[in-house]
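Here's the letter readout for the chains.
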Amino acid sequence: MSKEPEKRARPWEDMISGCFGENDRIFAGHPLDEKRAREAVKAAKAAGATITDFEKELLWDVYTHVKNHDVFWELVDKQNKKLKKMW
């Protein structure tokens, strides 16, 4: 008889994408996104991650979804400010 695999919490890195608006990629811009962002921050801290680790993941998410170079750095700056308040 095979055992079902043990369910485990997603690593915090996998939680990052859910912290953004699907179309605008605004970090924690909607109450549900903010809730997920707070959960991801909590999970990251529990895993021993630093704010720099989280910023790298945040940057990667924005980079992979935002194709307009003109708004990329502005978005990243705003996202980091929000993250620092949450951290």
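Placed above this text is the structure.
Residues numbered from 1 in each chain as written. Predicted model: local features only at pLDDT ≥ 70, side-chain atom pairs only at ≥ 80, totals over all residues. Heavy atoms only, no water.

Undergrad: Whenever I open this one, the packing of helix H3 (residues 51-65) against helix H4 (residues 69-86) confuses me. Can you help?
TA: If you want to describe how two helices pack, look at the angle between their axes and the distance between the axes. At a minimum axis separation of 10 Å, H3 and H4 run at an interaxial angle of 145°. For H3 against H4, the interelement crossing comes out right-handed. Contacts between H3 and H4 involve Ile51, Phe54, Glu55, Leu58, Leu59, Val62 and Tyr63 from the first element and Phe72, Trp73, Leu75, Val76, Gln79, Asn80, Leu83 and Lys84 from the second. Of the residues belonging to the contact of H3 with H4, the class tally is 11 nonpolar, 2 polar and 2 charged. (Axes fitted to C-alpha atoms, helices over the stretch in contact; angles between N-to-C directions. Helix = DSSP H or I, 4+ residues; strand = E, 2+ residues; numbered from the N terminus. Left-handed = near helix turned anticlockwise from the far one by under 90°. Contact = heavy atoms within 4.5 Å. Nonpolar A, V, L, I, M, F, W, Y, C, P; charged D, E, K, R; others polar.)

Undergrad: Even after reading the chapter, I still don't get the packing of aromatic side chains, so can you show me in this structure?
TA: How two aromatic rings sit relative to each other is given by the distance of their centres and the angle of their planes. Counted by the stated rule, this structure contains 7 aromatic pairs. Here the aromatic cluster, defined as three or more aromatic residues joined through ring pairs, consists of Trp12, Phe20, Phe27, Phe54 and Trp87. Looking at Lys45, its charged tip hangs above the ring of Trp87, at a distance of 5.2 Å from the centre. (Phe/Tyr/Trp six-rings, centres within 6.5 Å; stacked < 30°, edge-to-face > 60°. Lys NZ or Arg CZ within 6 Å of the ring centre and 35° of its normal.)

Undergrad: For this particular structure, what's the right way to read H4?
TA: Taking 1.5 Å of rise per residue, the 18 residues of H4 would be expected to cover 26 Å, and the 26 Å separating its terminal C-alpha atoms lies within 8% of that figure. For H4, the set of buried residues is Phe72, Leu75, Val76, Gln79, Asn80, Leu83 and Met86. Down the axis of H4, the buried side of the element spans an arc of 135°, and every buried residue falls inside it. Turned more than 90 degrees away from the buried face of H4 sit Asp70, Trp73, Lys81, Lys84 and Lys85, all of them exposed. Looking at the buried residues of H4, the elements they touch are helix H2 (31-46) and H3. The opening residue of H4, the one whose side-chain oxygen lies 2.9 Å from the backbone nitrogen of Asp70, is Asn68. (Expected span 1.5 Å × (residues − 1). Buried < 20%, exposed > 50% of the residue type's maximum accessible area, 1.4 Å probe, protein only. Arc of directions from axis to C-beta. Polar contact = N/O pair within 3.5 Å; in protein donor to acceptor, adjacent residues only side chain to side chain.)

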